[in-house]
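Structure at a glance
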Amino acid sequence: MLRYTLKRLLSLFLSLAVASLVIFFVIEVAPGDPASFMLGINAQPDTVAALRAELGLDVPKWQRYLDWVGGMLAGDFGTSYTYRTPVADMIGERLWVSLPLALYALTLSTLIAFPAGIYAASRRGKPGDIAVMGATQLGVAIPNFWFAMMLVLVFAINLHWFSAGGFAGWDAGLWAGMRSLTLPAISLALPQAAILARVMRSSLLDILGEDFMRTARAKGLSRRQALWRHGVRNALIPVLTIIGLQFSFLLAGSIIIEQVFYLPGLGRLVFQSISSRDLIVVESVVMLLVFSVITVNFIVDLAYALVDPRLRSRT
Amino acid sequence: MIRTSKLAFASAIAVAAGLGSAQAQGDITVAMQLEPPHLDPTSAAAGAIDSVVYANIFEGLTRFMGDGSIVPGLAESWEISDDGLVYTFKLQEGVTFHDGTTMDAEDVKFSLDRARAEDSVNAQKALFEGISDVSVVDPLTVKVTLAEPNGLFLFNMAWGDAVIVAPESIEDIKTNPVGTGAFKFVNWVQGDRIDIEKNPEYWGTPARLDKATFKFISDPTAAFAAVMAEDVDVFTGFPAPENLPQFEADPRFQVLVGSTEGETILSTNNKQPPFDNIKVREALAHAIDRQAIIDGAMFGYGTPIGTHFAPHHPAYVDLTGQSAHDPDKARALLAEAGFPDGFETTLHLPPPSYARRGGEIIAAQLAEVGITAEITNVEWAQWLETVFKGKNFGLTIVSHTEPMDIGIYARPDYYFQYDNPAFQELMATLNSTTDPEQRTKLLQQAQTIIADDYVNGYLFQLAALSVAKAGVQGLWANAPTQATDLTAVSWAE
């Protein structure tokens, strides 16, 4: 287990180093100067030069790269060009929206997908299975932003149960905060739940055909006992992989949903920073997302080893 | 000598406020599309900054009113020397900044000197260039000396980039703006909202609202939903004009359609062949059907223009007839210029819908006379880099939102690269002319020259579109500068 963990750790660090290089240079190479963007079309060249100097944009690229990486290692993400506040604070604030939203959506999607997938697998080919599979097909096909708009139309504009967007803030209380995240979480969760339910079902069906399941039944377990004790546990590996991927996706990929509900989350921060050429914010947030995706994968790898003892001795 | 009095200011406020009734509700939520990057109007071009802080938090020596007129702000009155070089401003008495410190002549000197300093990062530094000296006469009197007479000086001092700031609070101005306005800054949840509240110590007519919240909703669909769900009370610069008829028909809402300073033009690279040929530019002008663009891209909101000037300005000349839609004439002119089969060019479109939607229509209209315009969609940062700085473009569509900016045609290195010494001389004369009648005449001449030279394709004046709940009164319908002046806003009973 120790060797396995060390090996995973090494690959984690290598991936991070490569990612930082790619992110920095891809973003810096794209055209657009933050200083001239901020000063607009009436600014004079000397004003732009003064601002470039103030922002530290006049030093060579490689040096800025080293400063950036060095700063991150020391926990300092630098200062935003446009907002002029520390990037770490900005990210921290946005995480208070994005992280709960991702967890909320993931919880919803798991709560929907597990029962649906297990139910469908245990009723293979019967009307219940067909109904669940039909529903998931629909869930996979519907784009989440469209679904979000429909939710707004029904629950915000017509019924006035929720507001159409915005975030009440955790200061307003846990309930108020959860309430403003409910519609976004549902619109993020449903398509994910549909995918997860399908994975759960097919993975469970594979397991149900295995010899050890027959053995379990033969030693006197009921169908239900065999399903829960041996089936579900063994079917979890692919499901865990998908959950790990989904969590990363929910954290990084909720840009559109955050736009639709104008939530002050990470996705919106990236979106705004890209359009205002706030390079350092884009770089740092993307790096953070890469870090979280790689870390989640690392944790999922470790979780495999826990679920499946064979992996611990292998490699 | 010109003198203005307190009375004029007070009556202007009263008119703007309407003879409103007593306050029924004390707070308001105002939504807009773009979030300001920070809150210092004196060090960035972003109009979103002024949309929040102008008049509400920060004030200048003079200020814009909703109708575009200039009235005294922190300067109670002023005297101009006979040669037009020395402005002596008498400041309002008893003005304090939100942090309790007094606003006096030293602060005015500090603000103006900071804006025109060598290392200044003021996006409109040109506004201050003519100033040769600022001196404090006594705590309530400032003397500003100009290098040459400038007929626009009082107008320039009304810009958001010329507001008065204090040396004590300048350090944190970007996140904690301290001004003299009728509202105080309270809180900014970045990405979400900015809260301001009534300043009880305000020197002038106090605000009628107790609190205001600015929200930032960039997505047009989300904007529509937010207004419909009544999450916001006002949406200024409403991004989905196609939904306005729905609000107009709904008694819960009112729609305000006004004018802006945004001349939307088909900018043409005057140095790039074939656009260096005036015949080609003239052909371009006749190939365009303005009304079709206004109807198709802006759902009918916008006023056709024939030159680079705001139609609501008293000095405006209607020159639209000179470039009427006439494809046959366009084709004939192209043939005359040596392009009987047309030519190919590029059309760079920045993100706003006037450009993206309008661009598609213009490309189709150009195709009709044989010009193939290859469309490239660009982000603003990229537009600034390739089009504005690099001048690497044939055509582009931009709304020039700065007020009274016909002077850009006198800058040969400006991105559309129009170089006409006669025009440059005319602008120099205009700058040193203070007599209003003479100025009007010169401005009209200037409009005619650029229309005659077909410098750019003049499309339409951008409309200011706002949606508000029916009970909100005192909002600006027009946008003489980017601002959401809430000082006179209140709720009807």
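Read on for a plain summary of the structure. (Residues numbered from 1 in each chain as written. Chains lettered and ligands numbered in written order. Predicted model: local features only at pLDDT ≥ 70, side-chain atom pairs only at ≥ 80, totals over all residues. Heavy atoms only, no water.)

Along the backbone of chain A there are 14 helices and zero strands. C-alpha extents for chain A along the principal axes are approximately 85 × 60 × 35 Å. Expressed as a percentage of its 315 residues, the buried residues of chain A come to 49%. In chain A, of all internal contacts separated by at least 6 residues, the share reaching a separation of at least 24 is 74%. Considering chain A, the positive charge centre built from 26 side chains and the negative charge centre built from 19 side chains are found 20 Å apart. (Helix = DSSP H or I, 4+ residues; strand = E, 2+ residues; numbered from the N terminus. Buried < 20%, exposed > 50% of the residue type's maximum accessible area, 1.4 Å probe, protein only. Contact = heavy atoms within 4.5 Å. Lys, Arg positive; Asp, Glu negative; His and termini not counted. Charge placed at Lys NZ, Arg CZ, Asp CG, Glu CD.)

The next point concerns the side chain of R268(A). Along the polypeptide, R268(A) turns up in helix α12 (residues 266–275). Polar side-chain contacts of R268(A) include one of 2.7 Å to the backbone oxygen of F216(B). (Polar contact = N/O pair within 3.5 Å; in protein donor to acceptor, adjacent residues only side chain to side chain.)

Two faces, one strand: in a regular strand the side chains alternate between the faces of the sheet. Residues and elements named next belong to chain B. Counting buried residues in strand β7 (residues 141–146) gives five out of six residues, a clear majority hidden from the surface. Here strand β5 (residues 86–91) pairs with β7 via five bridges, running antiparallel. Paired with K90 across the two strands is T141, which belongs to β7. Looking at chain direction, strand β6 (residues 131–138) and β7 are connected through six bridges and run antiparallel. Opposite V136, over in β7, you have V142 as the bridge partner. (Pairing = 2+ DSSP bridges.)

Another aspect to go through is the nonpolar core. Residues and elements named next belong to chain B. Counting residues in hydrophobic clusters, the biggest one holds 182 residues, and the most contacted among them are V144, F238 and F247. Residues within four places of V144 in sequence aside, it is in contact with L85, V86, Y87, F89, L112, I131, D133, V134 and F153. Of all hydrophobic cores here, the second largest spans 62 residues; its members include F309, F343, L384 and M427. (Core = buried A, V, L, I, M, F, W, Y, C linked by side-chain atoms within 4.5 Å.)

Attention shifts here to helix α7 (residues 144–158) of chain A. A rise of 1.5 Å per residue sets the reference length of α7(A), with its 15 residues, at 21 Å; its end C-alpha atoms lie 20 Å apart and thus fit the reference within 8%. All buried positions along α7(A) are accounted for by N144(A), F147(A), A148(A), L151(A), V152(A), A156(A) and I157(A). Looking at the buried positions of α7(A), the neighbouring elements they touch are α8 (174–208) and α11 (255–260) of chain A together with α5 (220–228) of chain B. A positive phi of about 60 degrees marks H160(A), the residue just after α7(A). (Expected span 1.5 Å × (residues − 1).)

Our next topic: the side chain of E35(B). Inspection of the secondary structure puts E35(B) in the loop between β1 (27–32) and α2 (47–53). Notably, E35(B) is buried but unbridged: the nearest opposite-charge side chain belongs to R94(A), and the N-O separation is 4.7 Å. Here the side chain of E35(B) touches Q272(A) through a polar contact of 3.1 Å, side chain to side chain. Of note is the side chain of E35(B), whose polar atom sits 2.8 Å from the backbone nitrogen of G191(B). Apart from residues no more than four positions distant in its own chain, E35(B) is found in contact with Y83(A), Q272(A), A48(B), W188(B), V189(B), Q190(B), G191(B), D192(B) and F216(B). (Salt bridge = Lys/Arg side-chain N within 4 Å of Asp/Glu carboxyl O.)

Any functional reading would require information beyond the geometric quantities listed.
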